[in-house]
Amino acid sequence: MDCAKIQKSLHNQGNTKNTQCDQKNNYTYNIETNTGNYFANSILVHNCQYSKGSNQTTRCFKKLNCEWFVAMSGTLIENKPQDVFNTCFMVNPDLLGLKKNFEQTHIIKGWHWWEIKGYRKLDLLKEKLDLILLRRTIKELGDLIPDIIYENIVCEMLPKQRELYDMLYKKSQTLSHTFGPSQLLGLITILREVCDHAALVKPEINESGKLETLKELCELHENSQFVIFTQWVRMAKIIQSEINDSKIIIGDLNADERKDTIDAFTAKKFKYLICTDCCGVGVNLQTANICINFELPWNPATAKQRVGRIHRIGQEKKSIVYNLFTENTIEERVHRIINEKSKLHRD
């Protein structure tokens, strides 16, 4: 790829369209309603990972004609190699061939149509991607960002919490062979909620081994600011009720409330920011140097985006990321799966 030609093309004053992709797909209306052939000299798509499969974003992009198509993403592969197919189709439709052939070449299917056992010929996929991919890693920033430390902390359940988990796990084992993928995911979600806090499933049981561990970490780093991520709004509210000098950002905050909370945090007016993944992208929180994943998301790209809130240019201290998970539970399996997915990112 000739970067000089791309840069020159992107700055062509007479015939350049800059199309920015965001989560709300604000740009799609004009493309969808255009009755003629839409042509631009150059198109730059930011956050192209939001283009998935047959969604509206992808359908819109397929209508575009241009000389140069540049797609930018911090997480090109989020869950699986299939994620990269749609982006490559936008940039070079012929590179990976038909989607059916792509899946037959690189995906090892299980017994069920939805089951994926593994992947193959990833070296071949990487060889093709190298033709169109310019990859930049955080290591290339050198001394601009201090080092980062990752630590996995195994938490022990409290007695009543363990009793509830074991009971639900036995029930899930009995029912699992009759369930489809969506029902299985529901069972796994319930078990993961109990791993966080028993009250998420049974409100009268106020026990959480993870919460006790979190309190210990807060005492250990009493002079630092924390960003604490959890997938569940109810868990975020429980943490806020137990941790002093904390505020919360969840999806139902309006734009002004969200901005005011972030501004107060970066001005160091409080120590602990508790948030769901609505705060996982597009936010600068590098006044904090401790990131807590109260539970790891299935998607390793989501975890990477979380960490990127604090480990970025402007960070002055060594960053520390604590991943909490509960021993002898479904979370250990989730952790193994995430490690396997993370290997795809590195490869």
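Located above this text is the structure these notes cover.
Computed from a predicted structure; not experimentally measured. (Residues numbered from 1 in each chain as written. Predicted model: local features only at pLDDT ≥ 70, side-chain atom pairs only at ≥ 80, totals over all residues. Heavy atoms only, no water.)

Caption draft 1: Main features of unusual backbone geometry. Of note in this structure, K121 is not a glycine but carries a positive phi near 55°. Positionally, K121 belongs in the loop between strand 4 (116-119) and helix 6 (122-129). The residue N328 is not glycine, and still its phi comes out positive at about 55°. (Helix = DSSP H or I, 4+ residues; strand = E, 2+ residues; numbered from the N terminus.)

Caption draft 2: Region of the structure containing the packing of helix 7 (residues 159-175) against helix 8 (residues 181-196). Relative orientation of the contacting elements helix 7 and helix 8 amounts to 170°, with a least axis distance of 9 Å. Accordingly, the angle class assigned to the pair helix 7 and helix 8 is roughly antiparallel. Of the residues in helix 8, those touching helix 7 at Q161, L164, Y165, L168, Y169 and S172 are L187, I190, L191, V194, C195 and D196. Looking at the contact of helix 7 with helix 8 residue by residue, the classes come out as nine nonpolar, two polar and one charged. (Axes fitted to C-alpha atoms, helices over the stretch in contact; angles between N-to-C directions. Parallel < 35°, antiparallel > 145°, perpendicular 65-115°, else oblique. Contact = heavy atoms within 4.5 Å. Nonpolar A, V, L, I, M, F, W, Y, C, P; charged D, E, K, R; others polar.)

Caption draft 3: The arrangement of the nonpolar core in detail. By size, the foremost hydrophobic cluster in this structure holds 25 residues, and its most contacted members are L214, F226, I239, I292, Y322 and L324. Of all elements in the fold, only strand 5 (148-155), helix 9 (209-220), strand 6 (226-229), helix 10 (233-242), strand 8 (272-275), strand 9 (290-293) and strand 10 (319-326) reach the threshold of two or more residues within this core. One finds I249, I262, V283 and L285 within the second-largest nonpolar core, a separate group that totals 17 residues. (Core = buried A, V, L, I, M, F, W, Y, C linked by side-chain atoms within 4.5 Å. Buried < 20%, exposed > 50% of the residue type's maximum accessible area, 1.4 Å probe, protein only.)

Caption draft 4: Spotlight on the sheet that holds strand 6. Spatially, six strands are ordered 5-10-9-6-8-7 in an open sheet, and the strand pairing comes out parallel. Lying at the two open borders of the sheet, with one neighbouring strand each, are strand 5 and strand 7 (246-249). Neighbour-to-neighbour, the strand axes of this sheet turn through a mean angle of 20°, independent of strand direction. Sheet topology note: the strand 9/strand 10 ladder contains four bridges and is parallel. Paired with C291 across the two strands is V321, which belongs to strand 10. Seen against the sheet, helix 11 (residues 255-266) touches strand 6, strand 7 and strand 8 and runs at an angle of roughly 145° to strand 7. Contacting strand 5, strand 6, strand 9 and strand 10, helix 12 (residues 300-307) runs over the sheet at an angle of about 155° to strand 9. (Pairing = 2+ DSSP bridges.)

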